[in-house]
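Working through the structure, step by step
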Amino acid sequence: MNQALNILFTASEVVPFAKTGGLADVAGALPKALARLGHNVIVVMPRYYSIDKSKLEHVPGPLGVPMGAMGELWAGVYKDTLPGSDVPVYFIDFERFFGRSGLYADENGFSYPDNDNRFIFLSKAAFQLCKKLAFRPDIIHAHDWHTAAQPVLRNTRFAFDDEFRNAATVLTIHNLQHQGQFFKGVMDVMEVGWEHFNPHELEAMDGVNILKGGIAHADAVTTVSRKYAHEIRTPEFGFGLDGHIRAHAHKLYGILNGVDYEEWSPDIDPYIAKRYDLDDMSGKALCKADMQERFNLPVWDDVPLIGFVGRFAEQKGIGLIAGTIEGLLHLNLQMVMLGTGEKWAEGFFSDIARRYPDRFACHVGYSNKLAHIIEAGSDLFLMPSLFEPCGLNQIYSLRYGTLPIVRATGGLDDTIQNYDPATKTGNGFKFDWATNDALYHTVKWAADTYRYDRDAYTIMQRTAMQARFDWERAAKQYEDLYYHTLYARRVADYR
Ligand code: ADP
Ligand code: GLC
């Protein structure tokens, strides 16, 4: 076996402790898969207000975190493990930054104005914790802008600390839209030296862009699908950083996420009306009827039922859905949406539900249980994202035999093969252009296939349910990358 690595894994959200999106799913699953390969992983995250301290183990002694102009701040540390594993999760407890109801924003959706300090604090606290635990990481794996300061800090403020002398850094971009762009005064909190405030490192539009600095300093940068790793080099998907990413493309990789089949499998799912699998699909019809009842829709078994689960954000293509929904509902189909987010969308879709009570239902809110019920009960799953770094729901849908209708972008393009009527192959329906027309005709095509070519639909369903995107594959790819990166870094350090 290869050498076991010490891996520091810091993330702003981790399942099952705190979640707003797929980042939490990844941070809760990948460390376990790496541990199964024999590595020593520790996970570090904030102790948000919603995480009950009394259920955690207290790690004695305070943790001092140097915050430059803010002085040294003192945090508490708590500990738990990722469920079903020995992987330790350390919670950084600091009331002033994390004792709030939201993770990143208040109830009205306004980002907390001190998010820069909050997440630089997390990034540094993880380093200080390594010192406290005498944990010498070989790999420092950071995620999104929240911890993207770590590769910068590794090369600057913490460069000469013994614990990090041998560490290489990997930065995973789960979503390039959010970059951590702040007032430049935060340089004095990061303590990295103003010589790093330049357009090749941290500076953007006369402010600090934390993700940009992380990309510049990380030894390897990854995204969560191969297609997205290519897309972000272009202005269309680069959110202003495409030039910077092109300059670092030699160290950019795409590793597709896995999914947790212990949570997302119709044969063991505790939330659905009747379990089913390939050898007996009868339960799926019951799940459909149960879903229609729960959402107060008429129970029509032969009408295509389309599901949507996701954040109501522009990224997810909700603008396209809003622009087409009335036309679609005249196609004699039913649709159910579950999500929260932009207020206009919550109001708009709730209003459509009032106007088309026998065709359309919308649950504004966050419910893991309803997400499972929709995956199992729907015939088709709609995910027309404008961009999608990986996307998890389309992969869950495949396992439930619920064929995805997606836009050919990012991870959606990498996981879904378009239906080919000539050969009756494929596992879903895809369109390229983000236009109402393309969405409308692709949904119509999928609904027609369900209704009039049940054979083709059933063959695709079987293909979909047999596919596996497990974490073991992804973890092995990360492992390869870790060894490669560590080796390259050590060679470079000798020069
Ligand atoms: P993103 O991270 O961009 O939001 P992903 O597809 O990677 O998109 O992951 C979203 C995750 O959040 C999935 O596990 C999905 O089931 C879950 N999710 C999103 N919105 C809701 C909701 N309203 N209720 C329950 N689960 C949700
Ligand atoms: C982000 C992306 C999503 C991806 C998830 C986990 O939130 O929007 O596409 O699946 O991260 O990597």
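Small disclaimer: the values here were computed from a predicted structure and weren't measured.

Attention now goes to the environment of D267. With respect to the helices, strands and loops of the structure, D267 is situated in the loop between strand 12 (252-254) and helix 11 (282-294). By relative accessible area, D267 is classed as partly exposed at 35%. When the C-alpha atoms of D267 and F110 are compared, they prove to be 41 Å apart, with 157 residues separating the residues in sequence. When near neighbours in sequence (up to four residues on either side) are disregarded, D267 contacts R275, Y276, D277 and R399.

On to the packing of aromatic side chains, then. How two aromatic rings sit relative to each other is given by the distance of their centres and the angle of their planes. Throughout the structure, instances matching the rule amount to 28 aromatic pairs. A ring pair is formed by F119 and W145, whose centres lie 5.5 Å apart and whose planes are at 80°; its orientation type is edge-to-face. Residue F119 is found in helix 3 (residues 115-133), and its partner W145 is found in helix 4 (residues 144-147); the two are separated by 26 residues along the sequence. Each member of the pair, F119 as well as W145, is classed as buried. Within the aromatic cluster, the residues linked to one another by ring pairs are Y48, F94, F97, F98, Y104, F119, F121, W145 and F182.

Taken together, the neighbourhood of ligand 1 is formed by 21 residues, with G22, R311, K316, G365 and L392 sitting nearest. One of the backbone nitrogen or oxygen atoms of G365 is found 2.9 Å away from a nitrogen atom of ligand 1. Taking L392, its main chain carries an N or O atom lying 2.9 Å from an oxygen atom of ligand 1. Protein coverage of the free-state accessible area of ligand 1, which is 560 Å², stands at 93%. At the level of secondary structure, the elements contributing two or more residues to the shell around ligand 1 comprise helix 1 (22-36), strand 14 (334-339), helix 14 (368-377) and helix 15 (393-399). Residue classes in the shell around ligand 1 are distributed as 6 nonpolar, 10 polar and 5 charged. Taken together, domain 1 (6-258 + 472-494) and domain 2 (282-468) each give at least three residues to the shell around ligand 1, which thus spans both.

Quick look at the site of ligand 2 now. Looking at ligand 2, there are 13 residues lining it, with H174, N257, E388, C390 and G391 nearest. Interatomic distance of 2.7 Å between a side-chain N/O atom of H174 and an oxygen atom of ligand 2. P389 places a polar main-chain atom, nitrogen or oxygen, 3.5 Å from an oxygen atom of ligand 2. When the free accessible area of ligand 2 is taken as 310 Å², the share hidden by the protein chains comes to 93%.

A few words on the domain arrangement of the protein. In terms of domains, the protein is made up of domain 1 (6-258 + 472-494) and domain 2 (282-468). In this structure, domain 1 and domain 2 have C-alpha centres spaced 33 Å apart. On the domain 2 side, the residues contacting the 19 residues of domain 1 number 17 residues. With both sides pooled, the region where domain 1 packs onto domain 2 buries about 1,400 Å², and carbon together with sulfur makes up 56% of that total. On the surface where domain 1 and domain 2 come into contact, there are 2 salt bridges. The tally of links from domain 1 across to domain 2 stands at 9 residue pairs in polar contact (both at pLDDT 80 or more). Of all the secondary structure elements, the ones that give two or more residues to the side of domain 1 that touches domain 2 are helix 1, helix 8 (226-231) and helix 9 (235-238). The element that contributes the greatest number of residues to the side of domain 1 that touches domain 2 is helix 8, accounting for 4 residues.

What follows covers the pairing of strand 2 (residues 40-46). Burial runs high along strand 2: 6 of the 7 residues are buried. In this sheet, strand 2 lies alongside strand 1 (residues 6-10) in parallel orientation, the contact comprising 5 bridges. In the sheet register, F9 faces strand 2, and the bridge partner there is V43. Viewed along the sheet, the connection from strand 1 through helix 1 into strand 2 turns out right-handed. In the sheet, strand 2 pairs with strand 5 (residues 88-93) via 4 bridges, with the strands oriented parallel. From the neighbouring strand, P46 faces strand 5, where its bridge partner is I92.

Moving on, we come to the sheet that holds strand 9 (residues 203-204). On the basis of which strands lie adjacent, the open sheet formed by 3 strands has the order 8-10-9 and antiparallel pairing. In this open sheet, the two strands that pair with only one neighbour each are strand 8 (181-182) and strand 9. One ladder, built from 2 bridges, connects strand 8 with strand 10 (residues 207-209); its direction is antiparallel. Across the sheet, residue Q181 finds its bridge partner in strand 10, namely N209.

The contact between helix 11 and helix 14 brings their axes to 8 Å, and the two run at 130°. On the basis of their axis angle, the class for helix 11 and helix 14 is oblique. At the point where helix 11 passes helix 14, the crossing takes the left-handed sense. Taken together, the residues of helix 14 that come into contact with helix 11 (itself represented by K284, C287, K288, D290, M291 and R294) are K369, I373, I374, E375, A376 and G377.

Cut-offs used in this document
Residues numbered from 1 in each chain as written. Chains lettered and ligands numbered in written order. Predicted model: local features only at pLDDT ≥ 70, side-chain atom pairs only at ≥ 80, totals over all residues. Heavy atoms only, no water. Helix = DSSP H or I, 4+ residues; strand = E, 2+ residues; numbered from the N terminus. Buried < 20%, exposed > 50% of the residue type's maximum accessible area, 1.4 Å probe, protein only. Contact = heavy atoms within 4.5 Å. Phe/Tyr/Trp six-rings, centres within 6.5 Å; stacked < 30°, edge-to-face > 60°. Near = heavy atom within 4 Å. Polar contact = N/O pair within 3.5 Å; in protein donor to acceptor, adjacent residues only side chain to side chain. Areas by Shrake-Rupley, 256 points an atom, 1.4 Å probe, with all protein chains shown as cover. Nonpolar A, V, L, I, M, F, W, Y, C, P; charged D, E, K, R; others polar. Domains from an automatic or database assignment. Buried area = accessible area lost by both parts, 1.4 Å probe. Salt bridge = Lys/Arg side-chain N within 4 Å of Asp/Glu carboxyl O. Pairing = 2+ DSSP bridges. Right-handed = clockwise from strand over helix to strand, strands pointing away. Axes fitted to C-alpha atoms, helices over the stretch in contact; angles between N-to-C directions. Parallel < 35°, antiparallel > 145°, perpendicular 65-115°, else oblique. Left-handed = near helix turned anticlockwise from the far one by under 90°.

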